[in-house]
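Chain residues, written in single-letter form:
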Amino acid sequence: MNFKVPRGTQDILPDASWKWQRIEKIARSICDVYNYKEIRTPIFEQTELFQRTVGDTTDIVQKEMYTFTDRGDRSMTLRPEGTAPVVRSFVENKMFGYADQPVKLYYTGPMFRYERQQAGRYRQFVQFGVEAIGSDDPAIDAEVIELAMTIYKRSGLSDVKLVLNSLGDKESRTAHRDALVAHFSPNIEEFCSDCQNRLEKNPLRILDCKVDREHPLMKAAPSLADFLNEESSAYFEKVKHYLDLAGIEYEYDPNLVRGLDYYNHTAFEIMSTSKGFGAITTLCGGGRYNGLTEEIGGPAAPGIGFALSIERLLLALEAEDKAWTDEPSLDVYLVTLGDQARAKGFELLGKLRENGLRSEMDYMNRKIKAQMKSADRLQANYVVVIGEEEVLENVVQLKDMTAGQQKKVSIDELFDELK
Ligand code: ATP
Ligand code: MG
């Protein structure tokens, strides 16, 4: 029998996993200086959590969730996104009572969505996300957006743009909603069955439909921009002002609607503008979600966050021809000749590693030539050669691979030489 990796998933092989680690390291260190702390939540949650927060009319809940009944007859779902679990934990652990507000959190880990597989779209993918909960200061919106942009910049991407919109507050959205219903109702039978359902439950979602995108009524649909009340507009202006102060450029798109139900006010996406990038260009999505904590039974705590996938970040690097190739190389490769030298080498290897030097030796009983080849392949900066003579003299041959020089050094001197 032949086993294969499940459709829509991938193995991250050892020649690529260092890239994932590096992105994680970059993102973690940025979160660190912005004073965001990591939160780790379970891979699965009660199904209802996502139904309630992400929303019954969204693609995620309707078509993409990995839902199963556990042995206790409870409906569970592999998390399709990170915000609902984090907000669940915020409420459950009463983080609204923490002395320092807002509570600034980040997470990373696999998410699961049953989607049609295509470039940049997987059934298991790794998100890195940030949530700032407890403040509705427009400056924190700008901070969160700036943080996301910084992750791309520090990863080496330059062909990215920020697209920004305001979805307004509840009042603005209700007014817009009524206008949408009035706009689409007379001709709703021309739309897909999903849209027909959305008309009653969540007409805003119609604008995000991938099937009826070209319908003339789509382009003529009432724009949210015209329904923002004074407060919402003022809020949006302030967010933009703070982005200006941070030196972050943005493109306003009144049609930007995020895929999840819980967003209001600030909504944004970061997109790749690289020509090499495929059809899907969104690298990161986020927005404000005032009211979400109440939705799951907690007190009011306005929040904002984003999520990006590492898969798409790596694809964007490739599209820009900036794929990382500088895999960390080996510091020292130990070449040994004969049993005694090997024993000595094994001892030395432990000491090298104790000193934090990335070191390796031969475990295949190979001849000296083959060992030297391994050292080359692993791009070792130094090769240490120990033969019978060296054992007797308590020395090693130290070969500097970049300078191409070789010299005899005592084992005591070796560490000074390597530093
Ligand atoms: P899309 O419109 O591409 O389906 P989305 O609106 O469903 O995206 P979000 O739920 O906002 O995406 O997730 C945030 C980010 O996670 C996306 O911007 C994207 O980078 C990434 N992402 C979402 N779905 C996938 C997937 N199936 N595979 C890889 N990355 C994904
Ligand atoms: Mg999606």
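Attention now moves to the layout of surface pockets. Here the second largest pocket defines a volume of roughly 790 Å³. Forming the walls of the second largest pocket are 29 residues, and the residues nearest its centre are Lys-170, Arg-173, Asp-261, Tyr-262 and Glu-295. Every element with two or more residues in the lining of the second largest pocket is listed here: α2 (47-53), α6 (170-184) and α10 (292-295). When residues in the lining of the second largest pocket are grouped by element, the largest group, five residues, is from α6. Classifying every residue of the lining of the second largest pocket gives nine nonpolar, 10 polar and 10 charged.

The first and last C-alpha atoms of α6 sit 21 Å apart over 15 residues, in line with the 21 Å expected at 1.5 Å per residue. Residues Ser-172, His-176, Ala-179, Leu-180, His-183 and Phe-184 constitute the buried set of α6. For α6, the angular spread of buried residues about the axis comes to 120°, placing them on one side. Counted as exposed and oriented over 90 degrees from the buried face of α6: Lys-170, Glu-171 and Ala-182.

Before going further, it helps to spend a moment on the pairing of strand β3 (residues 66-69). The pairing of β3 with strand β4 (residues 75-78) spans four bridges and is antiparallel. Counted as the bridge partner of Thr-67 is Thr-77 from β4. The turn joining β3 and β4, which pair antiparallel and follow one another in sequence, is formed by five residues; a positive phi near 70° is taken by Asp-73.

On to the pattern of salt bridges. Enumeration over the complete set of coordinates arrives at 24 salt bridges. With a closest N to O distance of 2.7 Å, Lys-322 and Glu-320 form a salt bridge. Using a relative accessible area of 32% as the deciding quantity, one classes Lys-322 as partly exposed. Overall, Glu-320 belongs to the buried group, its relative accessible area being 11%. What you see here is one network of salt bridges that share partners, running through Glu-24, Arg-28, Glu-38 and Arg-40.

On to the packing of aromatic side chains. Scanning the entire structure with this criterion turns up six aromatic pairs. Taking 6.2 Å as the distance between ring centres and 65° as the angle between the ring planes, the aromatic pair formed by Phe-90 and Phe-96 counts as edge-to-face. Centre to centre, the rings of Phe-236 and Tyr-252 are 5.8 Å apart; their planes meet at 50°, and the pair counts as tilted. One end of the pair, Phe-236, is in helix α9 (residues 230-245); the other, Tyr-252, is in strand β8 (residues 251-252), and 16 residues separate them in sequence.

Strand order in this open sheet of five strands is β13-β12-β14-β15-β16, and the pairing throughout is mixed. Each of the sheet's edge strands pairs with one partner strand only, and the pair in question is β13 (359-361) and β16 (405-410). Each neighbouring strand pair of the sheet contributes to a mean axis angle of 25°, computed without reference to strand direction. Two elements, strand β15 (residues 395-400) and β16, share six bridges in a ladder whose sense is antiparallel. Following the sheet pairing, Gln-397 is matched in β16 by Lys-408. Contacting β12 (332-336), β14 (382-386) and β15, helix α13 (residues 368-377) runs over the sheet at an angle of about 175° to β12.

So, on to the domain arrangement of the chain. Along its sequence, the chain is organised into domain 1 (14-169 + 229-319) and domain 2 (332-418). Here the C-alpha centroids of domain 1 and domain 2 sit 48 Å apart.

Ordered in space as β1-β5-β6-β11-β10-β9-β7-β8, the eight strands form an open sheet in which the pairing is mixed. Unpaired on one side and paired on the other, β1 (37-38) and β8 mark the two borders of the sheet. Direction of pairing for strand β10 (residues 282-288) relative to strand β11 (residues 303-309): antiparallel, over a ladder of five bridges. When the bridges of β11 are listed, Gly-285 appears paired with Ala-307. Across the sheet, helix α4 (residues 83-92) touches β5 (103-112) and β6 (124-133), and the angle it forms with β6 is around 40°. Contacting β7 (160-166), β8, β9 (264-272) and β10, α9 runs over the sheet at an angle of about 160° to β7.

Take empty space enclosed by the protein next. Counted according to the given criterion, the structure contains one cavity of 30 Å³ or more. In this structure, the largest cavity encloses a volume near 40 Å³. In this structure, the largest cavity is lined by Leu-167, Arg-173, Leu-204, Arg-205, Val-257, Arg-258, Leu-260, Asp-261 and Tyr-263. Residue composition of the lining of the largest cavity, grouped by class: five nonpolar, no polar and four charged.

Conventions and cut-offs
- Residues numbered from 1 in each chain as written.
- Chains lettered and ligands numbered in written order.
- Predicted model: local features only at pLDDT ≥ 70, side-chain atom pairs only at ≥ 80, totals over all residues.
- Heavy atoms only, no water.
- 1 Å grid on protein atoms, 1.4 Å probe; cavity = no way out; pocket = protein on both sides within 12 Å on 5 of 7 lines; lining within 4 Å.
- Points joined across faces, edges and corners; volume = space filled by probe spheres on them.
- Helix = DSSP H or I, 4+ residues; strand = E, 2+ residues; numbered from the N terminus.
- Nonpolar A, V, L, I, M, F, W, Y, C, P; charged D, E, K, R; others polar.
- Expected span 1.5 Å × (residues − 1).
- Buried < 20%, exposed > 50% of the residue type's maximum accessible area, 1.4 Å probe, protein only.
- Arc of directions from axis to C-beta.
- Pairing = 2+ DSSP bridges.
- Salt bridge = Lys/Arg side-chain N within 4 Å of Asp/Glu carboxyl O.
- Phe/Tyr/Trp six-rings, centres within 6.5 Å; stacked < 30°, edge-to-face > 60°.
- Axes fitted to C-alpha atoms, helices over the stretch in contact; angles between N-to-C directions.
- Contact = heavy atoms within 4.5 Å.
- Domains from an automatic or database assignment.

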